[in-house]
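Inside the fold
The primary structure of each chain is shown beneath.
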Amino acid sequence: MRRILQMILFVAITFTFTILYYQISDAKEKLVLRWGATSVRSGLYAITADMARVVNKAYPNEIEIRVVETGGYTDNLNRIQKKTVHMGPSDITAGYANYLGLLDYRGKANPNLRIMWGGYITPIHIIVSEKSGITDIRQLNGVEFAMNPGTSTGRLVDFFFKSLNIYPSYKMISLAESVDAMKAGTVKGWYKSGFRDKAIVELESSMDIRILPVTQQMIDQFNNTYPGYGHSIKIPAGLFKSVKKPQMSLAFIVTDFIDKDVPEDVVFKIVKAVWENRQKIANSNSTLKEGDFEDMFGMAVKYSNVPFHAGAVKFYRDVLKLNIPRKLLPPEIKVR
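All values derive from a computational prediction rather than experimental measurement.

The next point concerns the overall build of the chain. Scanning the chain for helices and strands turns up 13 helices and eleven strands. Principal-axis analysis of the C-alpha atoms places the extent of the chain at approximately 90 × 55 × 40 Å. Sorting the 336 residues of the chain into buried and exposed places 51% on the buried side. Across the chain, the fraction of contacts at a sequence separation of at least 24, relative to all contacts at a separation of at least 6, is 74%. Counting every atom, the chain has about 15,800 Å² of accessible surface; 54% of that belongs to carbon and sulfur. The chain carries 44 positive and 32 negative side-chain charges, and their two centres are separated by 3 Å.

Structure follows, in structure tokens:
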């Protein structure tokens, strides 16, 4: 009887060990990556979620992307550098400053920063309440203005204002708090990127706003002060209720950055999955569709000075047979 019990116990232990072994093996094989996004109240959060979804669907047993809500695009660069997220979107000029340690990244360079694709161009809307009476950006000097720390958009807007000698009275609050502050009238102005961004749509549903246009002269002055930072885009009439006719807006180029130490084969698969689904992803979001996201490689060649990740190089060069400019080849890849 004892011997039978010992045999049963042995079989049970062996069976349990086998199950645990394969569970552990499966866990090791499936790499979990954290992809920083932005606030869930921003329409841009959905972009990262859509990209993560296509990667997870393409490699369900190999890669698991977990989208992380963050303070915004500058926050993503900081988190990538600290390795609390593996990747995330940011303004391409902020990424270059971070890569080389320029401007507000002086002494904090991140030579391990890489890109996966060129991203998309998107407008930055300078918003004021209709009852503020403000009709020109130059009238924002000294005005209560919501500023969202940790966002590339905020960083760019601040540089833009400084180049024009405009100094609003900033209220440092989150994106969600900014919408509420505009509704409550505790601030008169704010900014938000994206084409038909849901935060602006939400704001317009409860109050009258005005989206202030920029001029070419302003963009030229911006570039004179911060070379390469000034981009603009024409937004169409009716984009929001307050936009009665086509007008020029400040713009920036958003791309997804990633840490160099993410394995090459994993980045290859991420880029491949997004490339193969780029039209579907773009069609689901007006910011990507209007911002030329489908031209993932061409946008990188045109705008980026931060090199590709080696895994991205492998896909673009070896699979698509594209010629990669020397400036976009990372130091770990020898120039052919």
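Still to come is the rest of the account.
Moving on, we get to the pairing of strand β3 (residues 87-91). Across the five residues of β3, five count as buried, placing the element largely inside the fold. Judged from the five bridges that link them, β3 and strand β11 (residues 247-259) form a sheet pairing that is antiparallel. Directly across from Gly 88, in β11, lies its bridge partner Phe 257.

Evaluation of the coordinates by the stated rule reveals 19 salt bridges. Between Glu 64 and Lys 30 there is a salt bridge; the shortest N-O distance is 4.0 Å. A residue pair is termed long-range when its members are at least 10 positions apart, and Glu 64 in strand β2 (residues 63-68) and Lys 30 in the loop between α1 (2-29) and β1 (31-36) qualify at 34 residues. You can call Lys 30 partly exposed: its relative accessible area is 31%. Among the salt bridges present, the one from Asp 259 reaches Lys 83, with a minimum N-O distance of 2.9 Å. In this pair, Asp 259 sits in strand β11 while Lys 83 sits in the loop between α3 (73-82) and β3, placing the two residues 176 residues apart along the sequence. A single salt-bridge network, built from bridges that share partners, covers Arg 41, Asp 180, Lys 183 and Glu 202.

The next point concerns helix α4 (residues 92-100). Of all nine residues making up α4, seven are buried, and the element is well covered by its neighbours. Along α4, the residues that are buried comprise Ile 92, Thr 93, Ala 94, Gly 95, Ala 97, Asn 98 and Tyr 99. The first or second residue beyond α4 is Gly 101, which carries a positive phi of 80 degrees.

Of all hydrophobic cores here, the largest spans 106 residues; its most connected members are Trp 117, Ile 126, Ile 137, Leu 140, Trp 190, Phe 308 and Tyr 316. It is helix α9 (residues 264-276) that contributes the most residues to this core, eight residues altogether. Apart from residues no more than four positions distant in its own chain, Leu 140 is found in contact with Ile 126, Val 128, Ile 134, Phe 145, Phe 161, Ile 166, Tyr 167, Pro 168 and Leu 212.

Moving on to the environment of Ser 42. Looking at the element boundaries, Ser 42 is found in the loop between β1 and α2 (45-58). A C-alpha to C-alpha distance of 25 Å links Ser 42 and Ile 134, two positions 92 residues apart in sequence. Residue contacts for Ser 42: discarding those within four places in its chain leaves Leu 175, Lys 192, Asp 197 and Lys 198.

Between two packed helices, both the angle of their axes relative to each other and the distance between the axes serve to describe the pair. One can describe the packing of α2 onto α9 by two numbers: an axis separation of 9 Å at closest approach and a directional angle of 110 degrees. Overall, the two elements α2 and α9 adopt an arrangement that is roughly perpendicular. For the element pair α2 and α9, the recorded crossing hand is right-handed. On α9, the residues touching Met 51, Val 54, Val 55 and Ala 58 of α2 are Ile 270, Ala 273 and Val 274. Along the lines of polarity and charge, the residues of the contact of α2 with α9 split into seven nonpolar, no polar and no charged.

Here we take up the environment of Pro 60. Residue position: Pro 60 is located in the loop between α2 and β2. Its relative accessible area of 41% is what places Pro 60 among the partly exposed residues. Once the C-alpha coordinates of Pro 60 and Lys 30 are considered, the two residues, 30 residues apart in sequence, prove to be 8.3 Å apart.

Further remarks concern unusual backbone geometry. For Asp 292, which is not glycine, the phi dihedral falls at a positive 65 degrees. As for its position among the elements, Asp 292 is in the loop between α11 (286-290) and α12 (296-303). Taking the relative accessible area as the measure of exposure, Asp 292 reaches 46% and is therefore partly exposed.

Turning our attention to the packing of helix α5 (residues 152-163) against helix α8 (residues 216-225). Contact geometry of α5 with α8 gives a least axis separation of 9 Å together with a crossing angle of 100 degrees. The angle between α5 and α8 places the two elements in the roughly perpendicular class. On α8, the residues that touch Leu 156, Phe 159, Phe 160 and Ser 163 of α5 are Met 218, Gln 221, Phe 222 and Thr 225.

Turning our eyes to something else, we now look at the confidence of the model for the chain. Overall, the prediction assigns the chain a mean pLDDT of 90, with 91% of residues at 70 or greater. This model gives residues 8-27 a pLDDT under 50, and the stretch forms zero contacts once residues within four places in sequence are excluded.

The rules we used
- Residues numbered from 1 in each chain as written.
- Predicted model: local features only at pLDDT ≥ 70, side-chain atom pairs only at ≥ 80, totals over all residues.
- Heavy atoms only, no water.
- Helix = DSSP H or I, 4+ residues; strand = E, 2+ residues; numbered from the N terminus.
- Buried < 20%, exposed > 50% of the residue type's maximum accessible area, 1.4 Å probe, protein only.
- Contact = heavy atoms within 4.5 Å.
- Areas by Shrake-Rupley, 256 points an atom, 1.4 Å probe, with all protein chains shown as cover.
- Lys, Arg positive; Asp, Glu negative; His and termini not counted.
- Charge placed at Lys NZ, Arg CZ, Asp CG, Glu CD.
- Pairing = 2+ DSSP bridges.
- Salt bridge = Lys/Arg side-chain N within 4 Å of Asp/Glu carboxyl O.
- Core = buried A, V, L, I, M, F, W, Y, C linked by side-chain atoms within 4.5 Å.
- Axes fitted to C-alpha atoms, helices over the stretch in contact; angles between N-to-C directions.
- Parallel < 35°, antiparallel > 145°, perpendicular 65-115°, else oblique.
- Left-handed = near helix turned anticlockwise from the far one by under 90°.
- Nonpolar A, V, L, I, M, F, W, Y, C, P; charged D, E, K, R; others polar.
- pLDDT = per-residue confidence, 0-100.

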